[in-house]
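Observations on the model geometry
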Amino acid sequence: MGFIAALPAILWALIAWLYPEWLTQIQLPVPGAVSVGLGIVFLLAAFFRQWHWFYWCAWVGGSYATIQLGLQQPLAQKEVSQLYQAFPVWLSVSALLLAFIKKPTLLTLKGAFLFIVVGILPLALLLEPVANSVATLSPVELLTLPDWKDTGLAVGLLLWIVAMGGIWATFLLYKGSSSFAWSQWASWLALMVFLLVVDHRDASTWASVAAVIGLLLALADQMLKLAYIDELTGLPQRRALVSQLQHLRRRSAVCMLDVDYFKKFNDRYGHEVGDQVLRLLGSILREHRGFKAYRYGGEEFTLVFSHSDPDKLKSTLESVRSKVANYPLKLREPSRPDSKRKGKDARGKKDAAKTVKITISLGATLKEPGDTPDSILKRADENLYSAKKSGRNRVVLK
Ligand SMILES: Nc1nc2c(ncn2[C@@H]2O[C@H](COP(=O)(O)OP(=O)(O)OP(=O)(O)O)[C@@H](O)[C@H]2O)c(=O)[nH]1
């Protein structure tokens, strides 16, 4: 899902490669699209107090300004050619640093410093001695074999983009990264691809627009997650459930489930261990087939089925119930032993990592004509209450 933020940059790269003539044929719908886009990201990020986005806006803005001031002239000029060599070094080093360092809060001295560095520093490349010395670090020449020099293609640059972009993207995929992390990769890719098609009019604006749209998509994705996804379990939360229940199909069913004696469990093992259990229960429900799971609130979850076959429903719910009841929960020690000796003893014992089990009760109901979200949830909740009253660790479907 996070990958969505990278799509505009990938689309831009494909167009720049396959149909570069489009860049001059299609007019940008908004004059000053880059500034307008960056302004919108700034405002949204400030509104939602997502300060770390400001650094990326400053990075895109500073790089775009440098391109406009220095790279809009023929590459044959010596100082332009030096900037052209130095610029990918700046883009790559600064992007990697900004993506992987722990970013300070913006409204601190360190934060303001970083903001200015990423926004203003690229402009220093417009000074010839700076560009000259940074250009000596550029691997573009090194990566371009002598045979390729006359092809007119910046082959070294292409290899650089493929190598660095590939390693970075593999890392992001491996880590299952957020849309914000992907939008950082995408901003870098968009501007690097611009350098490959530097001769085309408007290429820098299209590249920066692709970077800004990536940031906007990532911001929108993060806002949706904040509003709809429960942080502890990663499941959609009550707000998402209510919106789903408003569009239930005629044949559907709803189940409320709740952990048994969870208060006692929390009292005995601590709230942190209780959280571990909810996280695990969330992942069991997410991976189980046949329904969509939501965290209703506290230790209560809701399952929504898109059929109303009672036998199938009962068998799925029984399978969930028994899976949870038989799942051995390995508890991590809440605190470390207070001496080396005790730690050694504990590691020696077989039961040092304690295994416990939990059970859940489930109350399910089929959709009836005229049901509202409230009425169907109320019926499922009454059935859950019956399951609790009749001994817990069971399914009631009425
Ligand atoms: N660790 C943890 N505990 C939570 C969370 N949300 C709710 N709880 C706890 O869940 C417990 C719910 O207790 P009760 O509603 O009394 O129900 P119960 O003890 O599970 O008993 P029955 O439902 O009757 O089997 C309370 O102790 C809450 O503090 C959470 O996010 N994390």
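The shown structure was predicted, so the numbers you read here are calculated from the model rather than taken from an experiment. (Residues numbered from 1 in each chain as written. Predicted model: local features only at pLDDT ≥ 70, side-chain atom pairs only at ≥ 80, totals over all residues.)

1. What about helix 17 (residues 373-389)?
Because each turn of an α-helix spans 3.6 residues, side chains separated by three or four positions end up pointing in the same direction. Compared with the 24 Å implied by 1.5 Å per residue over 17 residues, the 24 Å span of helix 17 between its first and last C-alpha is a close match. The set of residues buried in helix 17 consists of Ile376, Arg379, Ala380, Asn383, Leu384 and Ala387. Along the axis of helix 17, the buried positions cluster into a sector of 145°, meaning they face one direction only. Away from the buried face of helix 17 by more than 90 degrees, exposed residues Asp374 and Lys389 are located. Residues of helix 17 that are buried in the fold lie against helix 12 (238-245), strand 1 (253-259), strand 6 (360-366) and strand 7 (395-397). (Helix = DSSP H or I, 4+ residues; strand = E, 2+ residues; numbered from the N terminus. Expected span 1.5 Å × (residues − 1). Buried ≥ 20, exposed ≤ 12 C-beta atoms within 10 Å, placed from the backbone. Arc of directions from axis to C-beta. Contact = placed C-beta atoms within 7 Å.)

2. Some points on the sheet that holds strand 3 (residues 300-305)
Pairing is mixed in the open sheet, where 5 strands are placed in the order 2-3-1-6-7. In the strand order of this sheet, the two ends are held by strand 2 (292-297) and strand 7, each with one partner. Here the strands of the sheet are splayed against their neighbours by 20° on average, with no regard to which way each runs. Bridge count for strand 1 against strand 6 is 7 bridges, and the pairing is antiparallel. (Pairing = 2+ DSSP bridges. Axes fitted to C-alpha atoms, helices over the stretch in contact; angles between N-to-C directions.)

3. A few points about the UniProt feature "transmembrane region" (unreviewed entry) in the protein
Per the UniProt record, "transmembrane region" (unreviewed entry) is annotated on residues 28-48, 53-71, 83-101, 113-131, 151-173, 180-197 and 203-220. Span residues 53-71 is 95% helix and 0% strand, its end C-alpha atoms 26 Å apart. Overall, residues 180-197 shows 94% helix and 0% strand. The separation of its end C-alpha atoms is 26 Å. (UniProt positions renumbered as here; feature names shortened; annotations may be inferred.)

4. Observations regarding the site of the ligand
Surrounding the ligand, one finds 17 residues, the nearest of these being Asp260, Phe262, Lys263, Gly274 and Gly298. Only strand 1, helix 13 (262-269) and helix 14 (271-287) provide two or more residues apiece to the shell around the ligand. Here the shell around the ligand is built from residues that sort into 5 nonpolar, 4 polar and 8 charged. (Near = placed C-beta within 6 Å. Nonpolar A, V, L, I, M, F, W, Y, C, P; charged D, E, K, R; others polar.)

5. Here's the deal with the nonpolar core
Formed by 66 residues in total, the largest nonpolar core has its most connected members in Ala190, Val193, Ala207 and Ala211. With 13 residues, helix 10 (residues 179-196) is the largest single contributor of residues to this core. Ignoring sequence-local partners within four residues, the contact set of alanine 211 consists of Ala9, Val60, Ala186, Ser187, Ala190 and Leu191. The next biggest cluster of nonpolar side chains, apart from the first, holds 35 residues, and it includes Leu235, Tyr296, Phe305 and Leu384. (Core = buried A, V, L, I, M, F, W, Y, C linked by C-beta atoms within 7 Å.)

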